[in-house]
Amino acid sequence: MSIFTPTNQIRLTNVAVVRMKKGGKRFEIACYKNKVMSWRSGAEKDLDEVLQTHSVFVNVSKGQVAKKDDLTKAFGTDDLTEICKQILAKGELQVSDKERQSQLETMFRDIATIVAEKCVNPETKRPYTVSLIERAMKDIHYSVKPNKSTKQQALEVIRQLKESMEIQRAHMRLRLVLPAKEAKRLKEKLKPLLQVVESEDFDEELEMVCLVDPGCFREIDELIRCETRGRGSLEVLSLKDVEEGDEKL
Amino acid sequence: MGHTSLEKIISLQRNPANIRNLCILAHVDHGKTTLADCLVASNGIISSRLAGKLRYLDSREDEQIRGITMKSSAISLHYSHGDQEYLLNLIDSPGHVDFSSEVSTAVRLCDGAVVVVDAVEGVCPQTQVVLRQAWLENIRPVLVINKIDRLVVELKLTSQEAYTHLKKILEQVNAVTGTLFTSKVLEERAEKEEEKEKEGEKPSGDQVYDWSAGLEEVDDSHLYFSPDQGNVVFASAIDGWGFSIRQFAHIYSERMGIKKEVLLKTLWGDFYLNMKAKRIMKGAQAKGKKPLFVQLVLDNIWSLYDAVVIRRDKEKVEKVVTSLGVKVMARDSRHSDPKVLLSAICSQWLPVSQAVLSMVCEKLPSPLEMAAERVEKLMSVGARRFDSLPEQTQHLKTAFLQCSSEEKAPVIVFVSKMFAVDAKALPQHRQRGVLLKAQTHKLKTCPPTLSRLINMQRTRTDLVSLSANMENLTLKDSKPEEEEEPKETFVAFARVYSGVVRRGQRVFVLGPKYDPAQGLSTLPEGCSASDDVSEIPHLSCCSMENLYLLMGRELEELQEVPAGNVLGIGGLEEYVLKSATLSTAPACPPFTPLNFEATPIVRVAIEPKHPSEMPKLVRGMRLLNQADPCAEVLIQETGEHVLVTAGEVHLQRCLDDLRDRFAKIEISASEPIIPFRETVVRPPKVDMVNEELGKQQKVAIIHQVKEEASQGRSSDTLHLDSSGLVTLTTPNRLATVGIRAIPLPQEVTRLLESSSEVIRTLEQVNMSLREGKSLDISVRTLEAISDLKAQLESLLQGRKWRNAVERIWAFGPRRYGPNILLNSVEGYQRPSVWQCLSRGDKASEATALRDFDNSIISGFQLAALSGPMCEEPLMGVCFSVERWDVQSTAPPQHQDSVEDDSTDHEATAESNMEGSSETSARGRVAASSDCYGPVSGQLIAAVKEACRHAFQAQPQRLMAAMYTCEIMATADVLGRVYGVLGKREGRVLHEEMKEGTDMFIIKAVLPVAESFGFADEIRKRTSGLASPQLVFSHWEVISSDPYWVPTTEEEYLHFGEKADSENQALKYMNAVRRRKGLYVEEKIVEHAEKQRTLGKNK
């Protein structure tokens, strides 16, 4: 009666598998969890902290090691460490819990920072702080989408936040110069796009200084350029109309 | 003594000679409020049984819970001394350092102060502070040595030891007074000498130096505390007893047949009683005899304590009781707690209120006796001398001194603080029915307040005031906002210095900057406050809606208040922020501002828990700002609402107030955001272990290029050469820019920063010039601009900066920051930014702007606004554009054919703008675009990127905001101060000793990032003996490189492989990056093997 004694079997725990298909074959390597992303971003420089073992597998969970021939055929080398590095850099992997968590957290912060940068409190014309925006985002239960750009999501967040708090995009201050002939007609068209008209001066040309939502800028620009055929002009006086300096209450 | 009716107090108010305005000052926990309780009990407002336990003047809930006073509160007491009746306006003040501003407000309104010192602890830091405050305000102090019972019960001293102990404490207190006195004399002397020097009367002949320092000439004996002077009371407020020498002298002169005057002189001091000769002899100590004080005074008290508390000897107690001739109720003598019996005996034998109040009445001045010196000090603001004030103003001094309540006398009132009162608590809002109900309710629960309530009821039946109340009610009701919610109303804490204040009277409100000379010249003679005075700065009018008598927790309505009294004024919240001077005479100068011992120093950012409640928070903070004399509230450019308070306890109180009273919302307080700046420096000559760096630097750059190339970051459009020049081509390969980053000399940065206003106007002028408009510039601005230019030229010397000032392209960020864009493009003669200076020769302006000039500037502005390290603004960096090639071969094409969302929104926005304005100007020549978007937009992005890369090619450094920190500390805590400073990366600039005192003044710089909790730590470590002040001063480069890693052998040895031990700059940088959600080069898990293998749920 023989007793099965696995003397030379190495059990791998905490494995994150990185896979790559090359030359029609699938190769896998066994890594530690939460480490592959750090390696890819360059924060982790010690390869031994990433790889569980320097061997390349066909199937990690079954413990099948890749054949040397296949490796040389696919990678052109049989240096296992070199191959592991290639797979680490280009292979596909399952993101581990902490990696995902930290990624979402950074994105969440990033979105909040962008929102805080772009928006003001319409009553005081002062920006909100990032932490306040973060709290507001949590209040409306905003969930970050990892595959959408933070900027896009920020614009979406602003729209949603408007329902729960006093917030708006910081206005741009523009100066429009319109030739006298088209001025009247154009002004009618522009009116819905302009938030606040600060000054209006009509002698030979119509000169207006106004605040607009940054989202409408393209529209206004286009309108003026097309309608006046280049004789009107548009100038940005400030990108963000906010109060500057500290204020004592 | 029975309770006093309101009428009585009103009648007493009319006699200023018998009014005493006093405050109780002491270190925290030395028994101010307990003493105040005893005094309040003497008027029957609270039961004497509860005196010392109730802490009647601590009306706030948190005051009661924490057991410390947090605000100054006033109460009017009646006391008959001899055949005179006195009115005492007593102000209890907090002792904690954080609330020393409240002490300032109290001290200002008083003529005298009762300084309380713990008999065990002696002179403490705050004792010194309050003595100094009393000194500075010229008010006369008297001393109460409190808690003598602790000497008996806790320390178990013998009466002889206690005597020496008390003597020591007295010496300590007098030492503090002495220092104050010497420093004042020295100061005066220094002033005199300065004056002499100014006059130029230098005695050239005699070189004899006067060493006497003038100290000997000035008599200071009246300043000191001494029992035989009658300005010291020994007391135990908790047990309800206290005495002055006078009382015992009185007793013993009868009993022993010694003259009272002799006893008064000898009872304190080194005298003893020779029993045989029945004479009092000198030199008790030398002969080993008991001093008189011990024998006659302390021994009696000691034996009483011994009998009652320590041995609890019933028979002896009875003997003592009968010998003292006091009556003790059976209930008290049977009580299990001996303290009850003790206080029952003591409060009859030596009532503390009697001792203190008689001392107050005798020793403290009445409002009539105000020192002329003090008046002058009050009236001369800042450095102005009293003599320089207008004549009419000087006449007011006599009004002050007379303190008359005549009709003609001008009204002068000083408001030292505003305090918030719940609108419901105001007498005119309390309705009768409710009051009665409350009374019956209270009667059941709280017997000691019975007398007070009856008293109140009597007041209420006063028909006049009642009708006035009704009137007021209807008046208030007509205001719609009043009905919305129970609002906080502000009552001004004030004192009448002259004249009679009446309800509804109109007065001038004098702001701190008001100049009586100006007011007098513009106002017609004899005008009153009801006239229109809108045109005079810092002067406004208001009417005093309501007048109140301050009775601790209660307010009583008054119709008029004559001079010399402390009162509350309602209806001023619109006109007075924190403190003000009110007067009917426009000639009256505003009083000198209160001098605060503690300046606000602890900063926190405050946010509402729910973002939608922002307006409520702002309103609440506004109210808080008004209600607290020391809190500061400001909104920063970042949108943060910052609250600055004097200390942690003060902060806690402000937050509680905000939460429960003013804003009524959930709030959270956090560390404020700390700004940083990014800059580049000259390449270092030595490495981290002071090894000479030779060619290594260049090697490092080459190394960097290689690294970037290998990591695939560098594309074929970006090229970095070894000298730090970055060349970048736009994605459509039409334009190429070459940019180099150069550190600006420190002086230049400082100059640019300080003259941002000038640069801003310069930019505006240039803008209008470019449009072809001519703007009229005043000569002064032109001068300022040319001045700036000259200064820049003088600072930018050397081969590298040749002709640099002329070549300045722009300033940034926001067109006026401390960074420069330099035009070093060969063959591009751009009109200089200084063109407004040379307006004479217009011919030079022929050199027109090249296309897309604006795009370069915009790119630079964007780059300067957020640096590559942690997206903070740059500072002190010069970007020199050395190459700029544009191939304008692309076919003209309509611009808006392509939408480009991927590039930075702002950049595109701006690019469109640039593009359009230029197309319009030149009839759409270069509106070329392709799949990469408009050229101008691409150029902006390219310039921005190039700037960032050029920045990164130089050694980068972080700049931290620095505070200058001034610390006053005594010599024995200097070491700890240095310890705290060192721990927080502070640097001591210099320290010097304050003349005539043992205080050191240390000046240091401290990074703002390290200042959170600094004040608290330094106070804790030095037990409150050092008080810091922080003021923002400048930006300073942090010398360590945030990206530094060891490269040489020696560095490995010194710093290890990771070198992450103490890199301050890296720490700051990562903190900012993490806050902003930028990528931080950090491992998620430090050690791969040390992760938990279990699943989440196990």
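Residues numbered from 1 in each chain as written. Chains lettered and ligands numbered in written order. Predicted model: local features only at pLDDT ≥ 70, side-chain atom pairs only at ≥ 80, totals over all residues. Heavy atoms only, no water.

Under an unreviewed UniProt entry, the name given to chain B is Elongation factor-like 1, and the source organism is Oreochromis niloticus.

Going by what an unreviewed UniProt entry lists, chain A is known as Ribosome maturation protein SBDS and is assigned to Oreochromis aureus. Per UniProt, chain A carries the Subunit (unreviewed entry) text "Associates with the 60S ribosomal subunit." Under Sequence similarities (unreviewed entry), UniProt gives the following word-for-word description of chain A: "Belongs to the SDO1/SBDS family." (UniProt positions renumbered as here; feature names shortened; annotations may be inferred.)

Caption draft 1: Structural context of the overall build of chain B. Within chain B one finds 35 helices and 36 strands. A total of 1098 residues make up chain B; the buried ones form 54% of that total. A total accessible area of about 50300 Å² is found for chain B, and carbon and sulfur atoms account for 52% of it. (Helix = DSSP H or I, 4+ residues; strand = E, 2+ residues; numbered from the N terminus. Buried < 20%, exposed > 50% of the residue type's maximum accessible area, 1.4 Å probe, protein only. Areas by Shrake-Rupley, 256 points an atom, 1.4 Å probe, with all protein chains shown as cover.)

Caption draft 2: Broad picture of the overall build of chain A. Regarding its fold elements, chain A presents eight helices and twelve strands. Rg of the C-alpha trace for chain A: 30 Å, well past the compact-globule value of 18 Å for 249 residues, more than 25% over. Principal axes of the C-alpha set define a box for chain A whose edges measure 105 × 45 × 30 Å. Scored against the burial criterion, the 249 residues of chain A give a buried share of 44%. Counted over contacts in chain A with a minimum sequence separation of 6, partners at least 24 positions apart contribute 63%. With the model as given, the accessible surface of chain A reaches about 13600 Å², and the carbon-plus-sulfur share is 48%. Distance between charge centres in chain A, computed from 44 positive and 42 negative side chains, equals 8 Å. (Rg over C-alpha atoms; globule rule 2.2 N^0.38 Å. Contact = heavy atoms within 4.5 Å. Lys, Arg positive; Asp, Glu negative; His and termini not counted. Charge placed at Lys NZ, Arg CZ, Asp CG, Glu CD.)

Caption draft 3: The arrangement of a positive patch on the surface in detail. Residues and elements named next belong to chain B. Where like charges cluster on the molecular surface, the positive patch consists of Lys424, Lys616, Arg619 and Lys664. Tracing the chain through its elements places Lys616 in helix H23 (residues 614–627). A residue is classified by how much of its surface remains accessible, and Lys616, at 38% relative accessible area, is partly exposed. (Patch = residues over 30% accessible without salt bridge, like charges linked within 9 Å, V, L, I, M, F, W, Y side chains within 5 Å. Salt bridge = Lys/Arg side-chain N within 4 Å of Asp/Glu carboxyl O.)

Caption draft 4: How the structure looks around the pairing of strand E20 (residues 602–608) of chain B. All names here are of chain B. A large share of E20 lies buried, amounting to six of its seven residues. Bridging between E20 and strand E22 (residues 641–645) involves five bridges; their strand directions are antiparallel. Of the residues in E22, the one forming a bridge with Val602 is Thr645. Bridging between E20 and strand E23 (residues 667–670) involves four bridges; their strand directions are antiparallel. (Pairing = 2+ DSSP bridges.)

Caption draft 5: Examining the UniProt feature "domain: Ribosome maturation protein SDO1/SBDS central" (unreviewed entry) in chain A more closely. As recorded in UniProt, the feature "domain: Ribosome maturation protein SDO1/SBDS central" (unreviewed entry) lies at residues 109–170 of chain A. Note that residues 109–170 of chain A is 56% helix and 6% strand, and that its end C-alpha atoms are spaced 20 Å apart.

Caption draft 6: Spotlight on the pairing of strand E5 (residues 140–146) of chain B. All names here are of chain B. Of all seven residues in E5, five are buried; the element is thus mostly enclosed. Relative to E5, strand E4 (residues 112–118) runs parallel, the two sharing seven bridges. The partner of Val114 across the bridge, within E5, is Val142. Read from E4 through helix H5 (residues 125–136) to E5, the crossover connection turns out right-handed. (Right-handed = clockwise from strand over helix to strand, strands pointing away.)

Caption draft 7: Main features of the nonpolar core. Residues and elements named next belong to chain B. Counting 154 residues, the largest nonpolar core has Ile569, Leu582, Leu643, Phe879 and Ile967 as its most contacted members. Not counting residues within four places of it along the chain, the set of residues in contact with Ile967 comprises Val977, Leu981, Phe1000, Ile1001, Ile1002, Phe1014, Ile1018, Ala1026, Ser1027 and Pro1028. In terms of nonpolar packing, the next biggest core, distinct from the first, is built from 63 residues, Val117, Trp241, Val317 and Val321 among them. (Core = buried A, V, L, I, M, F, W, Y, C linked by side-chain atoms within 4.5 Å.)

Caption draft 8: Geometry of unusual backbone geometry. Residue and element names in this part refer to chain B. Of note, the phi angle at Asp29 is positive, near 70°, even though the residue is not glycine. Mapped onto the elements of the fold, Asp29 is located in the loop between strand E1 (19–26) and helix H2 (32–42). Backbone geometry places Lys156, a non-glycine residue, at a positive phi of 55°. Relative to the helices and strands, Lys156 is located in the loop between helix H6 (148–153) and helix H7 (159–199).

Caption draft 9: Geometry of the environment of Ser380 of chain B. Assignment of secondary structure puts Ser380 of chain B in the loop between helix H16 (372–379) and helix H17 (391–402). Distance in space between the C-alpha atoms of Ser380 of chain B and Asn819 of chain B is 45 Å, their sequence separation being 439 residues.

Caption draft 10: Structural view of the environment of Thr729 of chain B. Residues and elements named next belong to chain B. Mapped onto the elements, Thr729 comes out in strand E26 (residues 725–729). It is 9.2 Å that separates the C-alpha atoms of Thr729 and Val943, two residues lying 214 residues apart in sequence. In contact with Thr729, other than residues within four places in its own chain, are Thr717, Ala735 and Thr736.

Caption draft 11: A look at the domain arrangement of chain A. Assigned domains of chain A: these are domain 1 (15–94), domain 2 (97–168) and domain 3 (171–238). Domain 2 of chain A and domain 3 of chain A are separated by 31 Å when their C-alpha centres are compared. (Domains from an automatic or database assignment.)

Caption draft 12: Spotlight on the packing of H23 of chain B against helix H24 (residues 648–662) of chain B. Residues and elements named next belong to chain B. Where H23 meets H24, the axes come as close as 10 Å, and the angle between the chain directions of the two elements is 120°. Overall, the two elements H23 and H24 adopt an arrangement that is oblique. Regarding H23 and H24, the two cross each other, and that crossing is right-handed. Facing Leu617, Gly620, Met621, Leu623, Leu624 and Ala627 of H23, the residues of H24 in contact are Cys654, Asp657, Leu658 and Phe662. Residues of the contact of H23 with H24, tallied by class, amount to eight nonpolar, one polar and one charged. (Axes fitted to C-alpha atoms, helices over the stretch in contact; angles between N-to-C directions. Parallel < 35°, antiparallel > 145°, perpendicular 65-115°, else oblique. Left-handed = near helix turned anticlockwise from the far one by under 90°. Nonpolar A, V, L, I, M, F, W, Y, C, P; charged D, E, K, R; others polar.)

Caption draft 13: Here's a closer look at the state of the cysteines. Taken as a whole and judged by the stated rule, the model has zero disulfides over all chains. Between Cys119 of chain A, a free cysteine, and Cys216 of chain A, which holds the nearest cysteine sulfur, the sulfur-to-sulfur gap is 14 Å. On the accessibility criterion, Cys119 of chain A (1% relative accessible area) is buried. Cys542 of chain B takes part in no disulfide bond, and the closest cysteine sulfur to it belongs to Cys541 of chain B, at a distance of 7.5 Å. Taking the relative accessible area as the measure of exposure, Cys542 of chain B reaches 0% and is therefore buried. (Disulfide = S-S within 2.5 Å.)

Caption draft 14: Quick peek at the pattern of salt bridges. Using the criterion set out here, one finds 46 salt bridges over all chains in the structure. Residue Arg109 of chain A is joined to Glu134 of chain A by a salt bridge in which the shortest nitrogen-to-oxygen separation is 3.2 Å. With Arg109 of chain A in helix H4 (residues 97–118) and Glu134 of chain A in helix H5 (residues 130–139), the pair connects residues that are 25 residues apart, well separated along the chain. For Lys1020 of chain B, the salt bridge goes to Asp1016 of chain B, with nearest N and O atoms at 3.4 Å. With Lys1020 of chain B and Asp1016 of chain B both in helix H33 (residues 1014–1021) and four residues apart, this pair spans about one turn of that helix. Here the salt bridges do not stand alone but share partners, grouping Arg60, Asp62, Glu102, Lys417, Asp628, Arg653 and Asp657 of chain B into one network.

Caption draft 15: Geometry of the side chain of Lys71 of chain B. Residues and elements named next belong to chain B. Tracing the backbone shows Lys71 in the loop between helix H3 (61–66) and strand E2 (73–81). Among the polar contacts listed, one links the side chain of Lys71 to the backbone oxygen of Leu57, at a separation of 3.2 Å. A polar side-chain atom of Lys71 sits 3.1 Å from a polar atom in the side chain of Glu63. Those residues in contact with Lys71 that lie beyond four places of it in its chain are Leu57, Asp58, Ser59, Arg60, Glu63, Asp92, Pro94, Glu102, Lys417 and Arg653. (Polar contact = N/O pair within 3.5 Å; in protein donor to acceptor, adjacent residues only side chain to side chain.)

Caption draft 16: Expanded view of the sheet that holds strand E29 (residues 819–823) of chain B. Residue and element names in this part refer to chain B. If you walk across this open sheet you meet the six strands as E25-E26-E27-E30-E29-E28, and the pairing is mixed. Each of the sheet's edge strands pairs with one partner strand only, and the pair in question is strand E25 (718–720) and strand E28 (808–812). The sheet shows a mean angle of 20° between the axes of neighbouring strands, taken without regard to direction. Here E25 pairs with E26 via three bridges, running antiparallel. Each residue of the ladder has a partner; that of Leu720, found in E26, is Val726. Along the sheet, helix H29 (residues 853–865) contacts strand E27 (735–743), E28, E29 and strand E30 (877–886); its crossing angle with E28, the most-contacted strand, is approximately 35°.

Caption draft 17: Local environment of H24 of chain B. Residue and element names in this part refer to chain B. Across its 15 residues, H24 extends 19 Å between first and last C-alpha, which sits within 8% of the 21 Å expected from 1.5 Å per residue. When we look at burial in H24, the residues that qualify are Val649, His650, Leu651, Arg653, Cys654, Leu655, Asp657, Leu658 and Phe662. Phi for Lys664, located one or two positions after H24, is positive at around 60°. (Expected span 1.5 Å × (residues − 1).)

Caption draft 18: Local environment of a negative patch on the surface. Residues and elements named next belong to chain A. Residues Asp201, Asp203, Glu204 and Glu205 make up a contiguous surface patch of negative charge. Looking at the secondary structure, you find Asp201 in strand E9 (residues 194–202). Judged by relative accessible area, Asp201 falls into the partly exposed class, the value being 42%.

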